[in-house]
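Chain residues, written in single-letter form:
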Amino acid sequence: MVRGPRRSNKTAPSQERAYLVALEHGQRGLMSSDESLRELGRLVRTAGATVVGQTVQKREHPDPATYIGSGKVQEVQAAIEETDYTLVVFDEQLSPAQQLRLESALKVKVLDRSALILDIFASRARTREAVLQVELAQHEYLLPRLRGQWQHLERLEGAIGSRGPGETQLETDRRLIGLHISRLKSQIKDVSRQRALHRRRRERDGVPVIALVGYTNAGKSSLLRALAGVDVFAADALFATLDPLTRRVSTPDGQTFLVTDTVGFIQKLPTQLISAFRATLEELESADLLLHVVDATSPAIDAQYATVMQTVQDLGLGDKSMLTVLNKADGLLLPNGTPVSSESDIAKVDIVSPAHDGEDALLVSATEGWGLDALRRRLTLDLYGEPDSAY
Ligand SMILES: Nc1nc2c(ncn2[C@@H]2O[C@H](COP(=O)(O)OP(=O)(O)OP(=O)(O)O)[C@@H](O)[C@H]2O)c(=O)[nH]1
Ligand SMILES: [Mg+2]
(Lines give C-alpha, C1' and ligand atoms only; values in the text may rest on other atoms or scores of the structure.)
(Ligands and ions follow the chains in the order given, each with its own letter.)
Protein backbone atom coordinates (compact mmCIF):
# COMPACT_ATOMS: atom_id res chain seq x y z
CA MET A 1 0.00 0.00 0.00
CA VAL A 2 1.37 3.37 -0.90
CA ARG A 3 1.49 5.69 2.06
CA GLY A 4 2.09 9.32 1.33
CA PRO A 5 3.90 11.74 3.54
CA ARG A 6 0.49 12.37 5.00
CA ARG A 7 -0.50 9.71 7.37
CA SER A 8 -4.23 10.27 7.42
CA ASN A 9 -5.39 8.38 4.35
CA LYS A 10 -8.15 6.53 6.12
CA THR A 11 -10.29 6.27 3.03
CA ALA A 12 -7.60 4.90 0.70
CA PRO A 13 -9.01 2.31 -1.70
CA SER A 14 -7.66 -1.20 -1.41
CA GLN A 15 -5.52 -0.86 -4.51
CA GLU A 16 -4.26 2.55 -5.52
CA ARG A 17 -4.21 3.48 -9.20
CA ALA A 18 -1.05 5.38 -9.99
CA TYR A 19 -0.41 7.78 -12.84
CA LEU A 20 3.32 8.33 -13.48
CA VAL A 21 4.90 11.60 -14.54
CA ALA A 22 8.50 12.11 -15.66
CA LEU A 23 10.33 15.17 -16.84
CA GLU A 24 13.00 15.12 -19.50
CA HIS A 25 15.09 18.19 -18.91
CA GLY A 26 18.49 19.60 -19.85
CA GLN A 27 20.21 17.99 -16.88
CA ARG A 28 19.99 14.39 -18.02
CA GLY A 29 20.42 11.72 -15.40
CA LEU A 30 22.18 8.43 -15.99
CA MET A 31 19.06 6.77 -17.34
CA SER A 32 16.82 7.88 -20.16
CA SER A 33 13.44 9.14 -18.98
CA ASP A 34 11.81 6.03 -20.46
CA GLU A 35 14.08 3.66 -18.56
CA SER A 36 13.62 5.69 -15.45
CA LEU A 37 9.82 5.60 -15.84
CA ARG A 38 9.91 1.85 -16.31
CA GLU A 39 11.83 1.61 -13.06
CA LEU A 40 9.35 3.94 -11.36
CA GLY A 41 6.57 1.62 -12.53
CA ARG A 42 8.32 -1.31 -10.85
CA LEU A 43 8.68 0.72 -7.67
CA VAL A 44 4.97 1.57 -7.77
CA ARG A 45 4.03 -2.08 -8.22
CA THR A 46 6.43 -3.12 -5.47
CA ALA A 47 4.61 -0.64 -3.20
CA GLY A 48 1.36 -2.41 -4.02
CA ALA A 49 -0.29 -0.02 -6.48
CA THR A 50 -1.20 -0.47 -10.17
CA VAL A 51 0.11 1.74 -12.93
CA VAL A 52 -2.78 3.13 -14.96
CA GLY A 53 -1.00 5.63 -17.18
CA GLN A 54 2.07 7.76 -17.64
CA THR A 55 3.36 10.85 -19.36
CA VAL A 56 6.71 12.49 -20.07
CA GLN A 57 7.13 16.25 -20.20
CA LYS A 58 10.05 17.84 -22.06
CA ARG A 59 11.34 21.14 -20.71
CA GLU A 60 14.75 22.72 -20.49
CA HIS A 61 14.36 23.28 -16.71
CA PRO A 62 11.88 22.00 -14.16
CA ASP A 63 9.19 24.58 -13.42
CA PRO A 64 9.83 25.94 -9.91
CA ALA A 65 6.13 26.08 -9.10
CA THR A 66 4.68 22.91 -10.58
CA TYR A 67 7.76 21.01 -11.81
CA ILE A 68 6.11 20.15 -15.15
CA GLY A 69 4.51 23.51 -15.99
CA SER A 70 0.86 24.52 -15.71
CA GLY A 71 -0.12 23.32 -19.21
CA LYS A 72 1.11 19.83 -18.43
CA VAL A 73 -0.61 19.90 -15.06
CA GLN A 74 -3.90 20.45 -16.90
CA GLU A 75 -3.14 17.51 -19.14
CA VAL A 76 -2.46 15.29 -16.14
CA GLN A 77 -5.66 16.60 -14.58
CA ALA A 78 -7.61 15.59 -17.68
CA ALA A 79 -6.09 12.10 -17.68
CA ILE A 80 -8.12 11.19 -14.61
CA GLU A 81 -11.19 10.86 -16.86
CA GLU A 82 -9.68 7.98 -18.75
CA THR A 83 -7.52 6.35 -16.13
CA ASP A 84 -9.37 7.01 -12.90
CA TYR A 85 -6.10 7.43 -11.04
CA THR A 86 -6.08 7.83 -7.27
CA LEU A 87 -2.47 8.89 -7.00
CA VAL A 88 0.11 10.73 -9.14
CA VAL A 89 3.77 9.75 -8.81
CA PHE A 90 6.60 11.99 -10.02
CA ASP A 91 9.87 10.42 -11.05
CA GLU A 92 12.05 12.85 -9.13
CA GLN A 93 12.13 14.56 -5.80
CA LEU A 94 9.64 17.44 -5.70
CA SER A 95 10.16 20.44 -3.49
CA PRO A 96 7.63 20.70 -0.65
CA ALA A 97 6.09 23.73 -2.39
CA GLN A 98 5.76 21.90 -5.72
CA GLN A 99 4.18 18.93 -4.05
CA LEU A 100 1.67 21.11 -2.26
CA ARG A 101 0.74 23.03 -5.37
CA LEU A 102 0.39 19.86 -7.43
CA GLU A 103 -1.76 18.27 -4.79
CA SER A 104 -4.15 21.17 -4.65
CA ALA A 105 -4.36 21.31 -8.46
CA LEU A 106 -4.77 17.58 -9.00
CA LYS A 107 -6.90 16.90 -5.92
CA VAL A 108 -5.28 13.52 -5.33
CA LYS A 109 -2.28 12.40 -3.37
CA VAL A 110 1.00 13.34 -5.07
CA LEU A 111 4.09 11.34 -4.31
CA ASP A 112 7.61 11.67 -5.57
CA ARG A 113 10.20 8.96 -6.12
CA SER A 114 11.69 9.53 -2.67
CA ALA A 115 8.37 9.10 -0.86
CA LEU A 116 7.74 5.94 -2.84
CA ILE A 117 11.13 4.45 -1.98
CA LEU A 118 10.64 5.42 1.66
CA ASP A 119 7.30 3.64 1.60
CA ILE A 120 8.82 0.45 0.22
CA PHE A 121 11.62 0.62 2.76
CA ALA A 122 9.08 1.07 5.54
CA SER A 123 7.23 -2.06 4.49
CA ARG A 124 10.48 -4.04 4.28
CA ALA A 125 12.15 -2.97 7.51
CA ARG A 126 12.37 -5.92 9.88
CA THR A 127 15.19 -5.44 12.35
CA ARG A 128 15.22 -2.71 14.96
CA GLU A 129 18.06 -1.01 13.12
CA ALA A 130 16.25 -0.90 9.81
CA VAL A 131 13.04 0.29 11.46
CA LEU A 132 14.90 3.13 13.17
CA GLN A 133 16.73 4.13 10.03
CA VAL A 134 13.62 4.20 7.90
CA GLU A 135 11.74 6.12 10.55
CA LEU A 136 14.51 8.69 10.66
CA ALA A 137 14.46 9.07 6.89
CA GLN A 138 10.67 9.43 6.90
CA HIS A 139 10.74 12.13 9.54
CA GLU A 140 13.47 14.03 7.75
CA TYR A 141 11.42 13.85 4.58
CA LEU A 142 8.30 14.94 6.41
CA LEU A 143 9.75 17.89 8.30
CA PRO A 144 9.92 20.44 5.45
CA ARG A 145 6.56 19.20 4.17
CA LEU A 146 4.64 19.78 7.37
CA ARG A 147 2.79 22.80 6.05
CA GLY A 148 0.68 20.57 3.84
CA GLN A 149 -0.13 18.37 6.80
CA TRP A 150 -1.77 21.18 8.69
CA GLN A 151 -3.34 22.99 5.79
CA HIS A 152 -6.79 21.93 6.86
CA LEU A 153 -6.21 23.47 10.27
CA GLU A 154 -5.02 26.75 8.84
CA ARG A 155 -8.19 27.00 6.87
CA LEU A 156 -10.14 26.72 10.06
CA GLU A 157 -8.60 29.90 11.32
CA GLY A 158 -9.60 30.74 14.83
CA ALA A 159 -11.06 27.30 15.43
CA ILE A 160 -10.61 26.15 18.99
CA GLY A 161 -7.72 23.78 19.31
CA SER A 162 -5.92 24.86 16.16
CA ARG A 163 -3.50 26.98 18.14
CA GLY A 164 -1.21 25.95 20.92
CA PRO A 165 -0.27 28.25 23.75
CA GLY A 166 1.70 30.99 22.05
CA GLU A 167 2.58 29.02 18.95
CA THR A 168 0.82 27.52 16.00
CA GLN A 169 0.10 23.82 15.69
CA LEU A 170 2.62 23.74 12.89
CA GLU A 171 5.43 25.02 15.09
CA THR A 172 4.55 22.58 17.85
CA ASP A 173 4.57 19.80 15.36
CA ARG A 174 7.89 20.79 13.84
CA ARG A 175 9.41 20.91 17.28
CA LEU A 176 8.06 17.47 18.18
CA ILE A 177 9.34 15.97 14.98
CA GLY A 178 12.68 17.64 15.52
CA LEU A 179 12.88 16.07 18.98
CA HIS A 180 11.87 12.71 17.63
CA ILE A 181 14.58 12.96 14.98
CA SER A 182 17.28 13.55 17.57
CA ARG A 183 15.97 10.67 19.65
CA LEU A 184 16.07 8.37 16.63
CA LYS A 185 19.59 9.49 15.82
CA SER A 186 20.83 8.62 19.27
CA GLN A 187 19.11 5.22 19.18
CA ILE A 188 20.74 4.53 15.82
CA LYS A 189 24.08 5.50 17.32
CA ASP A 190 23.58 2.84 20.01
CA VAL A 191 22.79 0.15 17.46
CA SER A 192 25.75 1.29 15.43
CA ARG A 193 28.04 0.94 18.46
CA GLN A 194 26.90 -2.65 18.96
CA ARG A 195 27.51 -3.33 15.32
CA ALA A 196 31.02 -1.92 15.62
CA LEU A 197 31.69 -4.34 18.51
CA HIS A 198 30.60 -7.29 16.39
CA ARG A 199 32.82 -6.07 13.61
CA ARG A 200 35.84 -5.79 15.88
CA ARG A 201 35.26 -9.32 17.10
CA ARG A 202 35.13 -10.49 13.50
CA GLU A 203 38.30 -8.61 12.71
CA ARG A 204 40.02 -10.37 15.59
CA ASP A 205 39.01 -13.66 13.98
CA GLY A 206 40.96 -12.46 10.97
CA VAL A 207 38.42 -13.72 8.45
CA PRO A 208 38.26 -11.46 5.38
CA VAL A 209 34.94 -9.73 4.80
CA ILE A 210 33.38 -9.33 1.38
CA ALA A 211 30.46 -6.93 1.03
CA LEU A 212 28.01 -7.35 -1.81
CA VAL A 213 27.02 -4.10 -3.46
CA GLY A 214 24.87 -3.53 -6.50
CA TYR A 215 21.76 -2.15 -8.03
CA THR A 216 18.52 -3.35 -6.50
CA ASN A 217 17.36 -6.66 -8.01
CA ALA A 218 20.82 -7.46 -9.44
CA GLY A 219 20.91 -10.77 -7.57
CA LYS A 220 23.06 -10.01 -4.51
CA SER A 221 20.96 -12.13 -2.13
CA SER A 222 20.75 -14.93 -4.70
CA LEU A 223 24.52 -14.88 -5.04
CA LEU A 224 24.98 -15.05 -1.28
CA ARG A 225 22.57 -17.96 -1.20
CA ALA A 226 24.46 -19.72 -3.96
CA LEU A 227 27.86 -19.11 -2.36
CA ALA A 228 26.92 -19.88 1.22
CA GLY A 229 24.45 -22.66 0.44
CA VAL A 230 21.98 -21.27 2.93
CA ASP A 231 18.58 -19.80 2.73
CA VAL A 232 18.71 -16.10 2.05
CA PHE A 233 15.59 -14.20 1.07
CA ALA A 234 15.70 -13.23 -2.61
CA ALA A 235 12.72 -12.00 -4.57
CA ASP A 236 11.85 -10.42 -7.84
CA ALA A 237 11.01 -7.17 -6.16
CA LEU A 238 12.89 -3.95 -5.69
CA PHE A 239 14.57 -3.60 -2.31
CA ALA A 240 13.89 -7.17 -1.24
CA THR A 241 16.79 -6.82 1.19
CA LEU A 242 17.13 -4.03 3.72
CA ASP A 243 19.04 -5.55 6.56
CA PRO A 244 22.63 -6.55 6.31
CA LEU A 245 23.11 -10.27 6.60
CA THR A 246 26.48 -11.94 6.95
CA ARG A 247 27.21 -15.55 6.11
CA ARG A 248 30.35 -17.63 6.19
CA VAL A 249 31.46 -19.00 2.85
CA SER A 250 34.01 -21.79 2.68
CA THR A 251 36.09 -22.93 -0.24
CA PRO A 252 36.79 -26.65 -0.71
CA ASP A 253 40.27 -26.34 0.79
CA GLY A 254 38.95 -24.77 3.96
CA GLN A 255 39.58 -21.07 3.33
CA THR A 256 36.73 -18.96 4.63
CA PHE A 257 35.29 -15.52 4.01
CA LEU A 258 32.42 -13.66 5.48
CA VAL A 259 30.03 -12.33 2.87
CA THR A 260 27.66 -9.51 3.76
CA ASP A 261 24.52 -8.77 1.79
CA THR A 262 23.13 -5.24 2.06
CA VAL A 263 20.51 -2.88 0.72
CA GLY A 264 20.56 -2.33 -3.04
CA PHE A 265 21.19 1.00 -4.70
CA ILE A 266 18.97 2.83 -7.13
CA GLN A 267 19.27 5.99 -9.19
CA LYS A 268 17.95 9.14 -7.55
CA LEU A 269 18.17 7.50 -4.13
CA PRO A 270 16.79 10.02 -1.65
CA THR A 271 19.59 11.70 0.26
CA GLN A 272 17.70 11.13 3.51
CA LEU A 273 17.95 7.41 2.90
CA ILE A 274 21.62 7.41 2.11
CA SER A 275 22.37 9.23 5.32
CA ALA A 276 19.86 7.30 7.38
CA PHE A 277 21.36 4.05 6.18
CA ARG A 278 24.87 5.10 7.18
CA ALA A 279 24.80 2.62 10.04
CA THR A 280 24.05 -0.24 7.67
CA LEU A 281 26.49 1.05 5.16
CA GLU A 282 29.23 1.07 7.78
CA GLU A 283 29.35 -2.64 7.05
CA LEU A 284 30.74 -1.68 3.68
CA GLU A 285 33.43 0.49 5.22
CA SER A 286 34.91 -2.39 7.15
CA ALA A 287 34.85 -4.80 4.20
CA ASP A 288 38.10 -5.99 2.65
CA LEU A 289 36.53 -6.22 -0.77
CA LEU A 290 33.38 -4.96 -2.45
CA LEU A 291 31.83 -7.51 -4.75
CA HIS A 292 29.80 -5.52 -7.23
CA VAL A 293 26.92 -7.63 -8.54
CA VAL A 294 25.58 -6.44 -11.91
CA ASP A 295 22.46 -7.72 -13.67
CA ALA A 296 24.00 -8.47 -17.06
CA THR A 297 20.56 -8.86 -18.65
CA SER A 298 19.26 -5.44 -17.69
CA PRO A 299 18.58 -3.12 -20.64
CA ALA A 300 19.81 -0.34 -18.36
CA ILE A 301 23.03 -2.14 -17.38
CA ASP A 302 25.31 0.84 -18.10
CA ALA A 303 23.22 3.31 -16.10
CA GLN A 304 22.86 0.84 -13.24
CA TYR A 305 26.58 0.18 -13.18
CA ALA A 306 27.34 3.90 -13.22
CA THR A 307 24.79 4.56 -10.46
CA VAL A 308 26.40 1.99 -8.17
CA MET A 309 29.90 3.32 -8.92
CA GLN A 310 28.70 6.85 -8.17
CA THR A 311 26.98 5.79 -4.93
CA VAL A 312 30.12 3.94 -3.83
CA GLN A 313 32.07 7.16 -4.45
CA ASP A 314 29.49 9.25 -2.59
CA LEU A 315 29.75 6.95 0.40
CA GLY A 316 33.49 7.56 0.49
CA LEU A 317 34.28 3.98 -0.53
CA GLY A 318 35.94 4.80 -3.82
CA ASP A 319 39.32 3.50 -2.63
CA LYS A 320 38.11 0.03 -1.70
CA SER A 321 39.08 -2.91 -3.86
CA MET A 322 36.21 -3.97 -6.01
CA LEU A 323 35.54 -7.05 -8.06
CA THR A 324 32.66 -7.00 -10.52
CA VAL A 325 30.49 -10.02 -11.26
CA LEU A 326 28.07 -10.00 -14.14
CA ASN A 327 25.15 -12.03 -12.89
CA LYS A 328 22.17 -13.67 -14.63
CA ALA A 329 24.45 -15.06 -17.33
CA ASP A 330 21.77 -17.69 -17.98
CA GLY A 331 19.62 -14.96 -19.49
CA LEU A 332 22.22 -13.82 -22.02
CA LEU A 333 22.68 -14.70 -25.68
CA LEU A 334 25.76 -16.07 -27.38
CA PRO A 335 27.23 -14.10 -30.31
CA ASN A 336 25.33 -16.45 -32.68
CA GLY A 337 22.01 -15.48 -31.06
CA THR A 338 21.30 -18.71 -29.17
CA PRO A 339 20.68 -18.53 -25.42
CA VAL A 340 23.44 -19.40 -22.97
CA SER A 341 22.48 -22.85 -21.79
CA SER A 342 25.40 -24.24 -19.81
CA GLU A 343 28.24 -23.14 -17.61
CA SER A 344 30.76 -23.66 -20.39
CA ASP A 345 28.80 -21.28 -22.61
CA ILE A 346 29.49 -18.30 -20.40
CA ALA A 347 33.07 -18.02 -21.59
CA LYS A 348 31.75 -17.33 -25.10
CA VAL A 349 29.50 -14.42 -24.17
CA ASP A 350 30.47 -11.06 -25.49
CA ILE A 351 29.34 -8.15 -23.36
CA VAL A 352 30.00 -4.58 -24.35
CA SER A 353 29.51 -2.45 -21.26
CA PRO A 354 31.61 -0.40 -18.88
CA ALA A 355 30.59 -3.05 -16.34
CA HIS A 356 32.70 -5.49 -18.30
CA ASP A 357 35.98 -3.79 -18.84
CA GLY A 358 37.63 -6.85 -20.26
CA GLU A 359 39.93 -8.75 -17.94
CA ASP A 360 38.26 -8.14 -14.65
CA ALA A 361 34.55 -8.91 -14.56
CA LEU A 362 33.44 -12.49 -14.04
CA LEU A 363 30.26 -13.91 -15.51
CA VAL A 364 28.07 -15.95 -13.18
CA SER A 365 24.56 -17.21 -12.76
CA ALA A 366 23.55 -17.23 -9.12
CA THR A 367 20.39 -19.23 -9.76
CA GLU A 368 22.06 -21.85 -12.00
CA GLY A 369 25.24 -21.95 -9.93
CA TRP A 370 27.40 -21.21 -12.97
CA GLY A 371 30.78 -19.53 -12.66
CA LEU A 372 30.85 -19.88 -8.89
CA ASP A 373 33.99 -22.00 -8.72
CA ALA A 374 35.82 -19.43 -10.79
CA LEU A 375 34.47 -16.72 -8.51
CA ARG A 376 35.58 -18.55 -5.34
CA ARG A 377 38.99 -19.07 -6.90
CA ARG A 378 39.26 -15.41 -7.73
CA LEU A 379 38.15 -14.32 -4.26
CA THR A 380 40.68 -16.64 -2.64
CA LEU A 381 43.38 -15.22 -4.85
CA ASP A 382 42.42 -11.63 -4.07
CA LEU A 383 42.01 -12.12 -0.34
CA TYR A 384 44.56 -14.79 0.51
CA GLY A 385 46.97 -14.08 -2.30
CA GLU A 386 47.53 -17.69 -3.25
CA PRO A 387 45.83 -20.11 -5.61
CA ASP A 388 43.30 -22.39 -3.99
CA SER A 389 44.93 -25.77 -4.41
CA ALA A 390 41.65 -27.68 -4.30
CA TYR A 391 40.62 -26.47 -7.75
N1 LIG B 1 17.73 -15.69 -14.44
C2 LIG B 1 18.35 -15.36 -13.31
N3 LIG B 1 17.69 -14.68 -12.35
C4 LIG B 1 18.36 -14.35 -11.23
C5 LIG B 1 19.73 -14.65 -11.06
N6 LIG B 1 20.12 -14.16 -9.85
C7 LIG B 1 19.03 -13.60 -9.31
N8 LIG B 1 17.97 -13.70 -10.14
C9 LIG B 1 16.60 -13.22 -9.88
O10 LIG B 1 16.62 -11.81 -9.76
C11 LIG B 1 15.67 -11.39 -8.78
C12 LIG B 1 16.36 -10.55 -7.73
O13 LIG B 1 17.27 -11.31 -7.01
P14 LIG B 1 17.77 -10.91 -5.55
O15 LIG B 1 18.84 -11.88 -5.20
O16 LIG B 1 16.63 -10.75 -4.63
O17 LIG B 1 18.40 -9.48 -5.88
P18 LIG B 1 19.06 -8.43 -4.88
O19 LIG B 1 20.21 -7.83 -5.59
O20 LIG B 1 19.34 -9.08 -3.57
O21 LIG B 1 17.89 -7.36 -4.78
P22 LIG B 1 17.52 -6.33 -3.61
O23 LIG B 1 17.65 -7.03 -2.30
O24 LIG B 1 16.14 -5.99 -3.98
O25 LIG B 1 18.46 -5.18 -3.75
C26 LIG B 1 15.06 -12.67 -8.21
O27 LIG B 1 13.85 -12.91 -8.88
C28 LIG B 1 16.09 -13.73 -8.55
O29 LIG B 1 15.53 -15.01 -8.69
C30 LIG B 1 20.41 -15.36 -12.10
O31 LIG B 1 21.60 -15.68 -12.05
N32 LIG B 1 19.67 -15.66 -13.20
MG1 LIG C 1 18.63 -8.67 -1.74
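A brief look at the structure comes next. (Residues numbered from 1 in each chain as written. Chains lettered and ligands numbered in written order. Predicted model: local features only at pLDDT ≥ 70, side-chain atom pairs only at ≥ 80, totals over all residues. Heavy atoms only, no water.)

**As for the overall build of the protein**
Then step 1. When helices and strands are tallied, the protein shows 13 helices and 12 strands.
Then step 2. For the protein, the residues scored as buried account for 51% of the 391 residues in total.
Then step 3. When contacts within the protein are restricted to residue pairs at least 6 apart in sequence, long-range pairs at least 24 apart make up 70% of them.
Then step 4. Carbon and sulfur atoms form 49% of the exposed surface of the protein, whose accessible area is close to 18300 Å². (Helix = DSSP H or I, 4+ residues; strand = E, 2+ residues; numbered from the N terminus. Buried < 20%, exposed > 50% of the residue type's maximum accessible area, 1.4 Å probe, protein only. Contact = heavy atoms within 4.5 Å. Areas by Shrake-Rupley, 256 points an atom, 1.4 Å probe, with all protein chains shown as cover.)

**Quick look at the pattern of salt bridges**
Then step 1. Scanning all chains against the criterion turns up 13 salt bridges.
Then step 2. We note a salt bridge from Lys 109 to Glu 16, for which the minimum N-O separation is 3.1 Å. Of the two residues, Lys 109 sits in strand E4 (residues 109–112) while Glu 16 sits in the segment before strand E1 (17–24), which places them 93 residues apart along the sequence.
Then step 3. Here Arg 145 and Asp 112 are joined by a salt bridge, their closest N and O atoms 3.7 Å apart. Of this pair, Arg 145 sits in the loop between helix H5 (128–142) and helix H6 (146–149) while Asp 112 is found in strand E4, placing the two residues 33 residues apart along the sequence.
Then step 4. Here the salt bridges do not stand alone but share partners, grouping Glu 39, Asp 91, Arg 113 and Lys 268 into one network. (Salt bridge = Lys/Arg side-chain N within 4 Å of Asp/Glu carboxyl O.)

**Overview of the environment of Val 325**
Then step 1. Inspection of the secondary structure assignment puts Val 325 in strand E11 (residues 322–327).
Then step 2. The exposure class of Val 325 is buried, given its relative accessible area of 0%.
Then step 3. Expressed as a C-alpha distance, the spacing of Val 325 and Val 293, which sit 32 residues apart in the sequence, is 5.1 Å.
Then step 4. Look past the residues within four positions of Val 325 in its chain and what remains in contact with it is Leu 223, Leu 291, His 292, Val 293, Val 294, Leu 362, Val 364 and Leu 375.

**What to know about the sheet that holds strand E3 (residues 87–90)**
Then step 1. Sheet architecture is open: four strands sit in the order E2-E1-E3-E4, paired in parallel fashion. Two strands lie at the open edges of the sheet, namely strand E2 (50–58) and E4, each paired on one side alone. Between one strand axis and the next, the sheet turns by 25° as a mean value, whatever way the strands run.
Then step 2. With eight bridges connecting them, E1 and E2 associate as parallel partners. By the bridge assignment, Ala 22 is partnered in E2 with Val 56.
Then step 3. The strands touched by helix H3 (residues 96–106) are E3 and E4; relative to E4, the strand with the most contacts, the crossing angle is about 145°. (Pairing = 2+ DSSP bridges. Axes fitted to C-alpha atoms, helices over the stretch in contact; angles between N-to-C directions.)

**Describing the site of ligand 1**
Then step 1. Residues in close proximity to ligand 1 total 22 residues, the closest being Gly 219, Lys 220, Ser 222, Ala 240 and Asp 330.
Then step 2. Here Asp 330 contributes a side-chain N or O atom positioned 2.6 Å from a nitrogen atom of ligand 1.
Then step 3. Here a nitrogen atom of ligand 1 and a side-chain polar atom of Thr 367 are 3.0 Å apart.
Then step 4. Tallying contributions element by element places helix H9 (residues 220–228) first for the shell around ligand 1, with three residues. (Near = heavy atom within 4 Å. Polar contact = N/O pair within 3.5 Å; in protein donor to acceptor, adjacent residues only side chain to side chain.)

**Brief notes about the nonpolar core**
Then step 1. Within the largest apolar cluster, 48 residues are counted, with the highest numbers of intra-cluster contacts made by Leu 43, Phe 239 and Leu 284.
Then step 2. Element by element, the count of residues in this core is highest for helix H4 (residues 113–124), at six residues.
Then step 3. Excluding residues that lie within four positions of it along the chain, Leu 284 makes contacts with Ala 211, Leu 212, Val 213, Thr 262, Phe 265, Leu 290, Leu 315, Leu 317 and Lys 320.
Then step 4. The next biggest cluster of nonpolar side chains, apart from the first, holds 21 residues, and it includes Ala 228, Leu 323, Val 364 and Leu 375. (Core = buried A, V, L, I, M, F, W, Y, C linked by side-chain atoms within 4.5 Å.)

**Brief notes about the packing of aromatic side chains**
Aromatic ring pairs are defined here through the distance separating the ring centres and the angle between the ring planes.
Then step 1. Tallied over the full model, the rule gives three aromatic pairs.
Then step 2. Ring centres of Tyr 67 and Phe 90 lie 6.0 Å apart, and the angle between their planes is 75°; this geometry places the pair in the edge-to-face category. In this pair, Tyr 67 is assigned in the loop between E2 and helix H2 (70–83) and Phe 90 in strand E3, connecting sequence segments 23 residues apart. Note on accessibility: Tyr 67 and Phe 90 belong to one class, buried.
Then step 3. The interplanar angle of 40° and the centroid separation of 6.0 Å between the aromatic rings of Phe 257 and Tyr 384 together place this pair among those described as tilted. Of this pair, Phe 257 sits in strand E9 (residues 256–261) while Tyr 384 sits in helix H13 (residues 372–384), and the two are 127 residues apart along the sequence.
Then step 4. On the basis of relative accessible area, Phe 257 is assigned to the buried category, the value being 0%.
Then step 5. Sitting above the plane of the Tyr 141 ring, Arg 145 keeps its charged end 3.7 Å from the centroid. (Phe/Tyr/Trp six-rings, centres within 6.5 Å; stacked < 30°, edge-to-face > 60°. Lys NZ or Arg CZ within 6 Å of the ring centre and 35° of its normal.)

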